[in-house]
Amino acid sequence: MPLFLLSKPVTLHFLTQLRSKTTDQINFRKTMVRLGRIIGYELLNTLDYETVEVETPLGTKARGIRIYDLENIVIINVLRAATPLVEGLLKALPTARLGVIAASRKEKEVKEEFPEEMEVEIFYSKIPNITSKDNVIIADPMIATASTMKKIISIIKNYSPKRIYIVSVIISDYGVRKLLAEFPDIYLFTISIDPELDNRGYIIPGLGDAGDRAFG
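All of the points below concern the structure found in this document.

Reading the values: rules and limits
- Residues numbered from 1 in each chain as written.
- Predicted model: local features only at pLDDT ≥ 70, side-chain atom pairs only at ≥ 80, totals over all residues.
- Heavy atoms only, no water.
- Helix = DSSP H or I, 4+ residues; strand = E, 2+ residues; numbered from the N terminus.
- Buried < 20%, exposed > 50% of the residue type's maximum accessible area, 1.4 Å probe, protein only.
- Salt bridge = Lys/Arg side-chain N within 4 Å of Asp/Glu carboxyl O.
- Polar contact = N/O pair within 3.5 Å; in protein donor to acceptor, adjacent residues only side chain to side chain.
- Contact = heavy atoms within 4.5 Å.
- Phe/Tyr/Trp six-rings, centres within 6.5 Å; stacked < 30°, edge-to-face > 60°.

**Notes on the environment of M142**
Following the sequence through the fold, M142 ends up in strand β8 (residues 142-143). By relative accessible area, which is 17% here, M142 ends up buried. It is 15 Å that separates the C-alpha atoms of M142 and F14, two residues lying 128 residues apart in sequence.

The following block contains the structure:
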């Protein structure tokens with residue numbers, strides 16, 4: 001699984017704002033949108049392209065490239081937390097088709113270090129037509145135990161897309177290893193790999209509940 005860890009000063013600057021408990025709801029959403037846009041542009045570099053020739057305003061020829069895979073993008077918004085992240089992705093990938101999946105996990109405290117699996121319910125999905133030419137981006141800002149993401153990836157794999165991308169802001173070390181083991185062919189973009197999960201399955205240090213902080 002190609003792993004793209006976008007831990008550059010600009011992304012870490014915005015991530016620090018998201019982590020801070022003093023960041024209010026409006027600025028939390030705006031910052032998540034900014035990170036979505038940055039990740040979207042980084043993701044563009046992995047899409048398929050072709051060499052083209054264009055005529056400049058001076059009547060000369062110039063060789064360049066056209067990323068034709070821009071025409072074959074489907075973004076899956078994992079409701080509700082991913083909505084501002086998806087808004088940013090759409091700024092970088094404006095021709096993308098959009099699907100939504102609403103999922104909830106049954107939270108539980110365990111005596112062990114953390115719950116290795118969470119019970120996940122998919123209670124709504126609306127997915128556009130996906131073909132073998134399509135690059136599918138599944139956006140979820142926080143990936144903890146990866147239980148939700150595993151379930152969604154399994155749904156998307158039934159469509160046999162060209163590639164599957166996972167876009168997150170923070171993923172746990174456990175979640176990375178779990179996805180690596182089960183889905184070695186996906187592409188994962190994230191800003192930070194956080195080291196721990198608590199006994200409820202929350203990422204530590206994390207940033208809290210992204211959906212609640214974005215929408216109340």
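**Remarks on the pattern of salt bridges**
Think of it this way: side chains of opposite charge can pair up when their charged atoms draw near. Throughout the structure, instances matching the rule amount to 15 salt bridges. A salt bridge links R66 to E50; its shortest N-O distance comes to 2.7 Å. Separated by 16 residues along the polypeptide, R66 in strand β3 (residues 61-66) and E50 in strand β2 (residues 50-55) bring together distant segments of the chain. According to the relative accessible area criterion, E50 is partly exposed, its value standing at 31%. The partner of R200 in a salt bridge is D198, and the shortest N-O contact between them spans 3.7 Å. Under the relative-accessibility criterion, D198 is labelled buried at 18%. Each of D48, D69, K162 and R163 takes part in salt bridges that share partners, so that together they form one network.

**Overview of unusual backbone geometry**
Of note, the amide linkage connecting L79 to R80 takes the cis form, showing an omega dihedral of -5 degrees. Tracing the backbone through its elements, the reader meets R80 in the loop between β4 (73-79) and α3 (83-92). Of note in this structure, A146 is not a glycine but carries a positive phi near 70 degrees. Overall, A146 belongs to the buried group, its relative accessible area being 4%. In the Ramachandran plot, S160 falls in the positive-phi region, its phi being about 55 degrees despite a non-glycine side chain. The topology assignment puts S160 in the loop between α4 (147-157) and β9 (163-167).

**Structural notes on the side chain of D134**
Structurally, the position occupied by D134 is in the loop between β6 (119-126) and β7 (135-139). Polar contacts involving the side chain of D134 include one to the main-chain amide nitrogen of T131, which spans 2.8 Å. Not counting the four nearest positions on each side in its chain, D134 is found in contact with N72, I73, V74, R97, N129, P161, K162 and R163.

**Examining the packing of aromatic side chains**
Within the structure shown, the criterion is met by four aromatic pairs. Centre to centre, the rings of F4 and Y187 are 6.4 Å apart; their planes meet at 10 degrees, and the pair counts as stacked. Of the two residues, F4 sits in strand β1 (residues 3-5) while Y187 sits in strand β11 (residues 187-190), which places them 183 residues apart along the sequence. Among the residues examined, F4 registers a relative accessible area of 25% and is labelled partly exposed. The rings of F4, Y165, Y187 and F189 are connected pair by pair, giving a single aromatic cluster.

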